[in-house]
Amino acid sequence: MSILVTGGAGYIGSHTVVALLERGRDVVVVDDLSNSSEESLNRVRELTGRDVTFVKADITDRSALDAVFESHTIESVIHFAGLKAVGESVAEPLRYYQNNLVSSMNLLGAMADHDCWDLVFSSSATVYGDPEILPIPETAPTGATNPYGQTKLMIEDICRDVAASDPRWRISLLRYFNPVGAHPSGNIGEDPNGPPNNLVPYVMQVAVGRRDKVSVFGDDYDTADGTGVRDYIHVVDLALGHLAALDHLPKGCDVYNLGTGNGASVLDIIETARDVSGQEIPHEITDRRPGDIATSLADPTKAQTELEWRADRGLELMLSDAWRWQEKNPNGFNEPD
Ligand code: NAD
Ligand code: UD1
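Report follows, based on the coordinates. (Residues numbered from 1 in each chain as written. Chains lettered and ligands numbered in written order. Predicted model: local features only at pLDDT ≥ 70, side-chain atom pairs only at ≥ 80, totals over all residues. Heavy atoms only, no water.)

## Quick word on the site of ligand 1
Moving on, step 1. Around ligand 1, a shell composed of 26 residues is seen, among which D31, N35, S36, K84 and Y148 lie nearest.
Moving on, step 2. Separating an oxygen atom of ligand 1 from a side-chain N or O atom of D31 is a distance of 2.6 Å.
Moving on, step 3. Within the backbone of I59, a nitrogen or oxygen atom sits 3.0 Å from a nitrogen atom of ligand 1.
Moving on, step 4. Where the shell around ligand 1 is concerned, the elements lending two or more residues are α1 (11-22), β5 (118-124) and α6 (147-165).
Moving on, step 5. Ranked by residues supplied to the shell around ligand 1, first place goes to β5 with three residues.
Moving on, step 6. Taken together, the residues of the shell around ligand 1 sort by class into ten nonpolar, eleven polar and five charged. (Near = heavy atom within 4 Å. Polar contact = N/O pair within 3.5 Å; in protein donor to acceptor, adjacent residues only side chain to side chain. Helix = DSSP H or I, 4+ residues; strand = E, 2+ residues; numbered from the N terminus. Nonpolar A, V, L, I, M, F, W, Y, C, P; charged D, E, K, R; others polar.)

## Re the environment of L83
Moving on, step 1. Relative to the helices and strands, L83 resides in the loop between β4 (74-79) and α4 (86-91).
Moving on, step 2. What makes L83 buried here is its relative accessible area of 12%.
Moving on, step 3. Along the sequence, L83 and T151 sit 68 residues apart, while their C-alpha atoms lie 9.7 Å from each other. (Buried < 20%, exposed > 50% of the residue type's maximum accessible area, 1.4 Å probe, protein only.)

## A few points about the side chain of S104
Moving on, step 1. Among the secondary structure elements, S104 is positioned in helix α5 (residues 93-113).
Moving on, step 2. In this structure, S104 is in contact with H79 and I155, ignoring residues within four places of it in sequence. (Contact = heavy atoms within 4.5 Å.)

## Concerning the sheet that holds strand β11 (residues 252-258)
Moving on, step 1. With parallel pairing, seven strands are arranged side by side in an open sheet as β3-β2-β1-β4-β5-β6-β11. What marks the edges here is a single partner per strand, and that holds for β3 (53-56) and β11. Recorded for the sheet is a direction-independent mean angle of 20 degrees between the axes of neighbouring strands.
Moving on, step 2. Sheet contacts for α6: β5, β6 (170-176) and β11; angle to β5, the most-contacted strand, approximately 155 degrees. (Pairing = 2+ DSSP bridges. Axes fitted to C-alpha atoms, helices over the stretch in contact; angles between N-to-C directions.)

## Considerations on the packing of helix α7 (residues 199-207) against helix α11 (residues 315-328)
Moving on, step 1. Two elements in contact, α7 and α11, have axes separated by 10 Å at closest approach and are oriented at 55 degrees. Regarding the angle of α7 to α11, the classification is oblique. In this structure, α7 crosses over α11, and the sense of that crossing is right-handed. Of the residues in α11, those in contact with V200, P201, M204, Q205 and A207 of α7 are L319, A322, W323 and Q326. (Parallel < 35°, antiparallel > 145°, perpendicular 65-115°, else oblique. Left-handed = near helix turned anticlockwise from the far one by under 90°.)

## Focus: the site of ligand 2
Moving on, step 1. Every one of the 16 residues lining ligand 2 counts as a neighbour, but S215, F217, R230, R289 and D292 are closest to it.
Moving on, step 2. Separating an oxygen atom of ligand 2 from a backbone N or O atom of L199 is a distance of 2.9 Å.
Moving on, step 3. R230 is positioned such that a nitrogen or oxygen atom in its side chain is 2.6 Å from an oxygen atom of ligand 2.
Moving on, step 4. Coverage of ligand 2 by the protein amounts to 86% of the 730 Å² it exposes when considered alone.
Moving on, step 5. The biggest single contributor to the shell around ligand 2 is strand β8 (residues 214-217), with three residues.
Moving on, step 6. Along the lines of polarity and charge, the residues of the shell around ligand 2 split into six nonpolar, seven polar and three charged. (Areas by Shrake-Rupley, 256 points an atom, 1.4 Å probe, with all protein chains shown as cover.)

Here it is as structure tokens:
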């Protein structure tokens, strides 16, 4: 019996595959490598001393997905595969709806057809839009501000409807806050294509000398230092959250915040990154990024209680592990130019 991990060659997926293999589980990864490299799985094999089955396939192709279920006995699925860049989703909404919705519907259909009913899905804190309550509980109102967020809300709804249609389903929707950091070995980590959209990878590329300076998107927010505050979570804690979710699947469908409950500002990140890397991080204040919010902070109580999981790796560890990955792999998984 294996666990199917869609998108398992990607950033969060590869860390979760390590955690699963270390827990003695057998894993099949299906990924089309549209935003990742097979090298991440080679590193996973080296790190764990275990094999992982890899199928290169686009899961918007239902027949490719059926073939995976027919050639392996799948007991449960963790579904990471999806496109995730907010700006790109505004520019190319149909590509986002097509990829994220069709892949998820195919997966649910293939699972039911192959008598597999246990699913963990990657949702996002982006579904809370501009939150009215802080820290944000799972019961807070939802509302997406871009097509990427819409796909997450729509897939959550599809999962609820599917779970209500057959009592065998057990589905956990995990709303991640801001995943950062890397495996402590520095051998796997986040490897964005082109200039990073997210703060921590950008800061790391400045620290390593790949980029000149960080633009701080606004210092006039209603926060302690005026810069945006987020709930950053170490990717290893997040990976362990998936194992906890698999161990505590609900009857039907339920939703959990995966965050720490602690906030850090943009300037906190820059300062801590400077401390752990020993590198100067030149930065300048620029205009706000359209669509950004002042503060995002999880109330992680439900996951702590029901999943018996807690994110306890702090900001220094997140950034020192991110730095180790960046320093050992200045060009990510690519060979040096
Ligand atoms: P990632 O891009 O590194 O990983 C996603 C993987 O899915 C990639 O390897 C990509 O090649 C693959 N993929 C995409 N479409 C596919 C398809 N049709 N068929 C097969 N494979 C496909 O992203 P990540 O950061 O690891 O995110 C994983 C999941 O978590 C995504 O669903 C993302 O939306 C969600 N999420 C991420 C964040 C974050 O900040 N990283 C935050 C909240 C939610
Ligand atoms: C982004 C996504 C969101 C997703 C989340 C987690 C956007 C608009 N939103 O949000 O949908 O759920 O990541 O992956 O992309 N910042 C800078 N300079 C930079 C980059 C970011 O100052 O170069 C600031 C931002 O204004 C924000 C903070 O850093 O205050 C974190 O930004 P980022 O890492 O992009 O995450 P989110 O804004 O939370």
